[in-house]
Amino acid sequence: MKSSVMNKMREWGFPVIVIAAWFLGFAYTLVRLGDAHRAHSDAAVAAQAKAQPVLAPPYVASAE
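What comes next is a walk through the structure. Model, not experiment: these values are computed from the prediction.

Rules of the game
Residues numbered from 1 in each chain as written. Predicted model: local features only at pLDDT ≥ 70, side-chain atom pairs only at ≥ 80, totals over all residues. Heavy atoms only, no water. Helix = DSSP H or I, 4+ residues; strand = E, 2+ residues; numbered from the N terminus. Buried < 20%, exposed > 50% of the residue type's maximum accessible area, 1.4 Å probe, protein only. Areas by Shrake-Rupley, 256 points an atom, 1.4 Å probe, with all protein chains shown as cover. Phe/Tyr/Trp six-rings, centres within 6.5 Å; stacked < 30°, edge-to-face > 60°. Salt bridge = Lys/Arg side-chain N within 4 Å of Asp/Glu carboxyl O. Patch = residues over 30% accessible without salt bridge, like charges linked within 9 Å, V, L, I, M, F, W, Y side chains within 5 Å.

For the protein chain, the count of helices and strands is one helix and zero strands. Among the 64 residues that make up the protein chain, the fraction classed as buried is 0%. If you sum the accessible surface of the protein chain, you get close to 6500 Å²; carbon and sulfur atoms cover 71% of it.

Rendered as structure tokens:
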């Protein structure tokens, strides 16, 4: 009986651990991508707020 339980653990343990590790790695990657996107968006908004608009020179009509 005991060897039957050990055999099931050996058969199912590795695939379960591999799938769990893959899932955790995928979740970690998505979280880091979300953080990077948020940081990039905040930096882009800050950069646009700091940029001074370039005004076009006034149009002056010449009578020449």
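A few words now on the packing of aromatic side chains. Enumeration over the complete set of coordinates arrives at one aromatic pair. Taken together, a centroid distance of 5.5 Å and an interplanar angle of 0° make the contact between Trp22 and Phe26 stacked. Of this pair, Trp22 and Phe26 both sit in helix H1 (residues 2-50), four residues apart, roughly one helical turn. For Phe26, a relative accessible area of 43% corresponds to the partly exposed category.

A few words on the pattern of salt bridges. Considering all chains together, one arrives at one salt bridge under this definition. For Arg38, the salt bridge goes to Asp35, with nearest N and O atoms at 3.0 Å. Of the two residues, Arg38 and Asp35 are both situated in helix H1; the distance of three residues between them amounts to about one turn of the helix. A relative accessible area of 33% means that Asp35 is categorised as partly exposed.

Take a nonpolar patch on the surface next. There is a patch of nonpolar side chains on the surface, built from Trp22, Phe23, Leu24, Phe26, Leu30 and Leu33 and spanning about 720 Å² of accessible area. Among the secondary structure elements, Phe23 is positioned in helix H1. When its relative accessible area of 52% is taken as the criterion, Phe23 is described as exposed.

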